[in-house]
Amino acid sequence: MRGDFKLNFSFLIETELQRQIQYLRQSERMLQKSPKGFLRMGKQKRNTTYYQVISHGEKRVEKNISDKPQIVHQLLEKQIQKKVYKAAERNVKSLKALKKNYCDISRKAIVNSLS
């Protein structure tokens, strides 16, 4: 690279770690605001029927929400954010381990470790 602008791998790991932590926090906030239950889609010949499924102990209640696109969207977004949250959680764990175990062998890092 030209000039004084040099990226090192440790910096990239830290940057990605912070980005994943941000995803984790955003997903957590969105999940807290989401409606109860989850989305179930029933496919028929020409239409899809959307249901909000809420569990009450061992009993499950399904409510047709096909005429409520906002709730359908919120429940779909909830499913997406659950996946994002789990992936970000795994990524944070992996990046922290990588950050801990990575050994920078650049001249600057070695010289700094000598003092």
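Residues numbered from 1 in each chain as written. Predicted model: local features only at pLDDT ≥ 70, side-chain atom pairs only at ≥ 80, totals over all residues. Heavy atoms only, no water.

**Q** It is not clear to me how the overall build of the protein chain should be interpreted in this structure. Could you clarify?
**A** What the protein chain contains, in helices and strands, is three helices and three strands. Along its sequence from the N terminus, the protein chain presents helices and strands in the succession α-β-β-β-α-α. In terms of its C-alpha atoms, the protein chain occupies a principal-axis envelope of roughly 70 × 35 × 25 Å. In the protein chain, 50% of the contacts between residues at least 6 apart in sequence involve partners at least 24 apart. Carbon and sulfur atoms make up 53% of the accessible area of the protein chain, which amounts to about 9,700 Å² in all. Separation of charge centres in the protein chain, based on 26 positive and 10 negative side chains, amounts to 4 Å. (Helix = DSSP H or I, 4+ residues; strand = E, 2+ residues; numbered from the N terminus. Contact = heavy atoms within 4.5 Å. Areas by Shrake-Rupley, 256 points an atom, 1.4 Å probe, with all protein chains shown as cover. Lys, Arg positive; Asp, Glu negative; His and termini not counted. Charge placed at Lys NZ, Arg CZ, Asp CG, Glu CD.)

**Q** How should I be thinking about the sheet that holds strand β1 (residues 38–43) in this particular structure?
**A** The strands that make up a sheet pair up through hydrogen bonds in the backbone, lying either parallel or antiparallel. Pairing is antiparallel across the open sheet formed by three strands, whose spatial order is β1-β2-β3. Each having just a single partner strand, β1 and β3 (59–64) make up the two edges of the open sheet. Taking each pair of neighbouring strands and ignoring which way they run, the sheet shows an average axis angle of 35 degrees. Alignment of strand β2 (residues 48–56) against β3, held across six bridges, turns out to be antiparallel. Note that in β3 the partner of Q52 across the bridge is K63. Sheet strands in contact with helix α2 (residues 69–101) are β1 and β2, and its direction is about 110 degrees off that of β1. (Pairing = 2+ DSSP bridges. Axes fitted to C-alpha atoms, helices over the stretch in contact; angles between N-to-C directions.)

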